[in-house]
Amino acid sequence: MSEYFDSRDTMSAECREAELLASLPKQVAFAKAQTPYFAELFKEIDPVSIDSREALSKLPITYKSDLVAAQSEKPPFGGMNATPVGDLLRVFRSPGPICEPEGKGDDFWRGAR
C-alpha cells in the first residue's frame, strides 16, 4: 500500500484534522493581510483564534452570489486574489460569470496529490 500512498494519505482522521486545524490561523492571517476582500470580511477576526471546528464555523461565508458581485464591482477577482494578475499564467472565465486565477507554480490546482 505504501508504494501508492504517502503518509498524508494514510494518516488517521484525528491526525489529519489536527494538521488542518493547526494551519487554519496562518491561512486566515494570510487572506486577511494579502487580499482586500478578506481584509474587510475578517476585520473583526483574530486569526490566532481560528483553531477549532467551532471557530471555523463562525467565520463569515462568501456565497457564490457574493463572489459574482465582488468580481463585477472590482474585476477580475473582486479583491480576493493574493497574486497580482500579471503574475498569473491564465485567467479562466467560467459561466456564472466567475473569473478563476491559475498561477504559474507546479500543480497549481493541487490535483497531483
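The structure reproduced in this document is the subject of the present report. Predicted model only: the values in this text are computed from it and were never measured.

## Brief notes about the pairing of strand S2 (residues 98-102)
Bridge analysis of strand S1 (residues 90-94) against S2 gives 5 bridges, and the strand direction is antiparallel. Residue pairing for S2: valine 91 is matched across the bridge by proline 101. Here S1 folds back onto S2, and the loop between the two strands holds 3 residues, one of which, glycine 96, carries a positive phi near 145°.

## Some points on helix H2 (residues 13-34)
The terminal C-alpha atoms of H2 lie 31 Å apart, and with 22 residues this matches the ideal 32 Å at 1.5 Å per residue to within 8%. The largest bend in H2 is about 35°, located at leucine 24, with the proline proline 25 one to four residues further on. Residues of H2 that are buried: Leu21, Leu24, Pro25, Val28 and Ala31. In this fold, the buried residues of H2 make contact with helix H3 (36-41) and helix H4 (53-57).

## Regarding the packing of aromatic side chains
Here a ring pair, both rings aromatic, is described through the centre-centre distance and the interplanar angle of the planes. Here the structure, examined in full by the defined rule, presents 2 aromatic pairs. Ring geometry for tyrosine 37 and phenylalanine 38: centres 5.0 Å apart, planes at 85°, overall edge-to-face. Judged by centre distance (5.4 Å) and plane angle (40°), the rings of phenylalanine 38 and phenylalanine 42 are tilted. Among the aromatic residues, those joined into a ring-pair cluster are Tyr37, Phe38 and Phe42.

What counts, and where the lines are drawn
Residues numbered from 1 in each chain as written. Predicted model: local features only at pLDDT ≥ 70, side-chain atom pairs only at ≥ 80, totals over all residues. Heavy atoms only, no water. Pairing = 2+ DSSP bridges. Helix = DSSP H or I, 4+ residues; strand = E, 2+ residues; numbered from the N terminus. Expected span 1.5 Å × (residues − 1). Bend = angle between axes of the 7 residues up to and from the residue. Buried < 20%, exposed > 50% of the residue type's maximum accessible area, 1.4 Å probe, protein only. Contact = heavy atoms within 4.5 Å. Phe/Tyr/Trp six-rings, centres within 6.5 Å; stacked < 30°, edge-to-face > 60°.

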